[in-house]
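# Close look at the chain arrangement
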Amino acid sequence: MSSNRYSWLDKPQADREQQAPLLLPTKEIPGSYGIPFITPIKDRLDYYYFKGHDNFFQSKINQYSSTVFRTNMIPGPFMASDPRVIAVLDAKSFPILFDTSKVEKKNVFTGTYMPSTKLTGGYRVCSYLDPSEPSHTKVKQFLFNLLKSRKDYFLPAFRSAYVAPIFSSVESQVASQGHADFNALNNDIAFDFLGEAYFGAPPSKSGSFITFQKKVTIWLLLQLAPLASNVLTKFLPKLVEDLLLHTFSLPSFIAKPGYKNMYEYFNTAGSAALDLAEKVGLSRDEACHNLIFATCFNTYGGLRVLFPGLLRRLAQSGRDWHARLATEVRQAVASHGENGQVTLGALEQMELAKSVVYEVLRIDPPVEFQYAHAKKDFLLQSHDAQFQVRKGEMLFGYQPFATRDTRVFGANAGEFVPDRFVGSDGAKLLRYVWWSNGPETEDPTVNDKQCAGKNFVVLVARLFVAEFFLSYDSFTAEISNSLVGSQVNITSLTKAKAKAGNFY
Ligand code: HEM
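Counting starts from 1 at the beginning of each chain's written sequence and moves along it residue by residue. It should be noted that, the model being predicted, local features are given only for residues of pLDDT at least 70 and side-chain atom pairs only at 80 or more, the latter also being counted only at that level, while totals for whole chains, interfaces and linings use all residues.

An unreviewed UniProt entry lists the protein chain under the name Allene oxide synthase, with Dendrobium thyrsiflorum given as the organism. UniProt positions are given in the numbering used here, feature names are shortened, and annotations may be inferred rather than shown by experiment. The annotation that UniProt attaches to the protein chain under Pathway (unreviewed entry) is "Lipid metabolism; oxylipin biosynthesis."

Given below as structure tokens:
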């Protein structure tokens, strides 16, 4: 890497990002919410159907010449009682969403609407709690304790319950049909891996495995339908889909029998985890509903987007990058692995694989939206101006814009650069990687809203890359859009020829 690749990083911080507040002009926040009811629906249709996500925001940035502006956010009437937000779309203003001294994050996990608590046993689970609420501390600490108690199982569980079944299924489908639907396999197999990793009890051993996946998926869809679009448009006009998905909450009773089944599995398989919960003062019932949410929504929902997203970017990066990754992985396994297998020590040697994971999480953050309410009046700074925010106003960040900010990541901010985070200059950029609702350089605590599973996610994503390039030299895939994220159909796999040393 050339020494001046990120020459702008050598500039004083003030030039680059943090102009002294007094130098920034104070401006009115541009934009308006328009006519109640009518404009929120127009904004919703623009966002979903007429302009698309990125263009919806970009056109407003262009219209107002500002990355901070007022707009309505989806889903709007009748789902959300108040769709009005202040959008923060650059790397300077976005981190306001992490500042718990200025913002409150109560009931804003899914944005301007909140799914019924009937879907979570009547509890507001951790993701909807503000750190100021006592149960937030208890639940988050419980999840930290669970992850810590299981950390030695993650790698073997990933190898036996994820890598082995998914690689063999992909190989046999490519051989027999010429392609393999990676998303479908990932959706089936990832859940079993989580059961093994968190509880040592994969649901496939509890009988009705496939129907179990379906139950979890239905439960997820009931919560996420207001954020989805173009699901039914093959069969129905757009406006009918809009009415069905975005106007009223789908009835929670649809998920009730399946949820009962999920509860039974977690209550039994997660019994040791629930013992940990009692030690921090949580009832087993509240802990069990939180365990379901953290596993099925936070983790499983996240991995359904992250792994296909990772493969998509790898497929598009091409053979030369595959070769560099394969060489790195195999050399690390040869020097730091055990019996030709990946170990945590070997993983630490794989700087390029690590960078690829951070780059995917930067350019395609699996959770694109973050929301918060102002706790008090304050001045919000973008790169170019400062704006008065009033107590109670809702802030909204569209993360893919903030983490593709050219003023932080340079002219190629919109491109996937696999080695962006390699080396000491690359490491300096990690504080602008925010997929976990906080900087990648920080760890989550009970006092903030950063993802409780941050380190688990980075670990399994790095393991995914390592295991993949230990087994394969290269691959090709057809990419399209899925309900959330990318749809990946693997069309060819080249099995590993060289164990270590130079790939070429
Ligand atoms: C690819 C996987 C994942 C992604 C993309 C992801 C992303 C996120 C994001 C963006 C938030 C903040 C949402 C907000 O408040 O606006 C969050 C919160 C949270 N995540 Fe994750 N997450 C993932 C996996 C996990 C895992 C493995 C766990 C396991 C425990 C987990 C547990 C949580 C919890 C409990 C919260 C709420 C934190 C709090 O209330 O302080 N997540 N996650």
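### Quick word on the overall build of the protein chain
Summing up its helical and strand segments, the protein chain has 17 helices and eleven strands in all. Over its C-alpha atoms, taken along the principal directions, the protein chain stretches across nearly 65 × 60 × 50 Å. Buried, partly exposed and exposed are defined by the number of other C-beta atoms within 10 Å of a residue's own C-beta, namely 20 or more, between the two limits, and 12 or fewer respectively, with C-beta atoms placed from the backbone. Counting across all 504 residues of the protein chain, residues that qualify as buried make up 44%. Two residues qualify as a contact pair if the distance between their C-beta atoms, derived from the backbone, is within 7 Å. Considering only intrachain contacts with a sequence separation of at least 6, the fraction spanning at least 24 residues in the protein chain is 72%. What counts as a helix is a DSSP run of H or I of at least four residues, what counts as a strand is a run of E of at least two, and both are numbered from the N terminus.

### Some details on the site of the ligand
The environment of the ligand is made up of 26 residues, and the closest members are Asn-298, Gly-302, Asn-437, Cys-451 and Gly-453. Of all elements in the fold, only helix H4 (134–177), helix H10 (284–317) and helix H17 (454–471) reach the threshold of two or more residues within the shell around the ligand. Counting residues per element, the shell around the ligand draws most heavily on H10, at six residues. Ten residue types, Ala, Val, Leu, Ile, Met, Phe, Trp, Tyr, Cys and Pro, are classed as nonpolar, four, Asp, Glu, Lys and Arg, as charged, and the remainder, Gly among them, as polar. The residue makeup of the shell around the ligand, split by class, is 14 nonpolar, nine polar and three charged. Only the C-beta atom, placed from the backbone, is used; a residue is near a molecule or strand if that atom lies within 6 Å of it.

### Topic: the packing of helix H9 (residues 271–279) against H10
A pair of packed helices can be characterised by two numbers: the angle between their axes and the separation between those axes. Viewed as axis vectors pointing N to C, H9 and H10 meet at an angle of 125°, and their least axial separation amounts to 9 Å. Classified by the interaxial angle, the pair formed by H9 and H10 is oblique. Seen along the crossing, H9 lies across H10 with a hand that is right-handed. Taken together, the residues of H10 that come into contact with H9 (itself represented by Ala-273, Leu-274, Ala-277 and Glu-278) are Arg-284, Ala-287, Cys-288 and Leu-291. Partitioning the contact of H9 with H10 into residue classes produces six nonpolar, no polar and two charged. Only the contacting stretch of a helix is used when fitting its axis, a line to C-alpha atoms as for every element, and angles between N-to-C directions run 0 to 180 degrees. Here the angle decides the label: under 35 degrees means roughly parallel, over 145 means roughly antiparallel, 65 to 115 means roughly perpendicular, and every other value means oblique. Here is the rule for handedness: rotate from the far helix to the near one, and if that takes an anticlockwise turn smaller than a right angle the crossing is left-handed, while a clockwise turn gives right-handed.

### Some remarks on the sheet that holds strand E8 (residues 386–389)
Sheet strands associate in pairs through backbone hydrogen bonding, adopting either a parallel or an antiparallel arrangement. Here, a strand pair is defined by DSSP locating no fewer than two bridges between the strands. Here we have three strands laid out as an open sheet, ordered E1-E8-E7, and mixed in their pairing. In this open sheet, the two edge strands, each paired with only one partner strand, are strand E1 (26–27) and strand E7 (378–381). Relative to E8, E7 is paired through four bridges, and the arrangement is antiparallel. Looking at the pairing, Gln-381 lines up with Gln-386 of E8.

### So, the pairing of strand E2 (residues 68–72)
On any regular strand, side chains alternate: one points to one face of the sheet, the next to the other face. The element E2 is extensively covered by neighbouring structure, given that four of its five residues are classed as buried. Bridging between E2 and strand E3 (residues 84–88) involves five bridges; their strand directions are antiparallel. Residue pairing in the sheet places Arg-70 in a bridge with Ile-86 of E3.

### Topic: the pairing of E3
Of all the five residues making up E3, five are buried; the element is thus mostly covered by neighbouring parts of the structure. Residues Arg-84, Ile-86 and Val-88 line one face of E3 and the alternating positions Val-85 and Ala-87 line the opposite face, and both faces are buried. By the bridge criterion, three bridges tie E3 to strand E9 (residues 394–398) in an arrangement that is parallel. Among the inter-strand pairings, Val-88 is bridged to a residue of E9, identified as Gly-397.

### Focus on the environment of Gln-487
Topologically, Gln-487 is positioned in strand E11 (residues 486–495). Accessibility expressed as a C-beta count within 10 Å gives 17 for Gln-487, which makes it partly exposed. Measuring from C-alpha to C-alpha, the distance between Gln-487 and Ala-477 comes to 9.7 Å, with ten residues separating the pair along the chain. Those residues in contact with Gln-487, other than ones at most four positions away along the chain, are Asn-183, Pro-308, Ser-480, Asn-481 and Ser-482.

### Section: the sheet that holds strand E5 (residues 180–181)
Judged by pairing direction, the sheet is antiparallel, and its three strands sit side by side in the order E5-E11-E10 without closing on themselves. Only two strands of the sheet have a single partner each, and these edge strands are E5 and strand E10 (472–481). Direction of pairing for E5 relative to E11: antiparallel, over a ladder of two bridges. Bridge assignment links Ala-180 to a residue of E11, and that residue is Ile-490.

### A look at helix H2 (residues 38–50)
Between the first and last C-alpha of H2 there are merely 16 Å, a value that for 13 residues lags more than 12% behind the 18 Å anticipated at 1.5 Å per step. Of the positions making up H2, those classed as buried are Pro-40, Asp-43, Arg-44, Tyr-47 and Tyr-48. Here the buried residues of H2 occupy an arc of 115° about the axis, which is enough to place them on one side. Residues of H2 that are exposed and point more than 90 degrees away from the buried face comprise Ile-38 and Phe-50. For H2, the secondary structure elements touched by its buried residues are helix H3 (53–64), E2 and helix H7 (238–246). Phi for Gly-52, located one or two positions after H2, is positive at around 90°. Given a helix with a known number of residues, its expected span is that number minus one, times 1.5 Å. This arc corresponds to the set of directions leading from the helix axis out to the C-beta atoms.

### Quick look at unusual backbone geometry
Note that the residue after Ile-74, namely Pro-75, is joined by a cis bond; omega there is 0°. Along the chain, the position of Pro-75 falls in the loop between E2 and E3. Of the consecutive residues Pro-77 and Phe-78, the connecting peptide bond is found in the cis state with omega at -10°. Mapped onto the elements of the fold, Phe-78 is located in the loop between E2 and E3.

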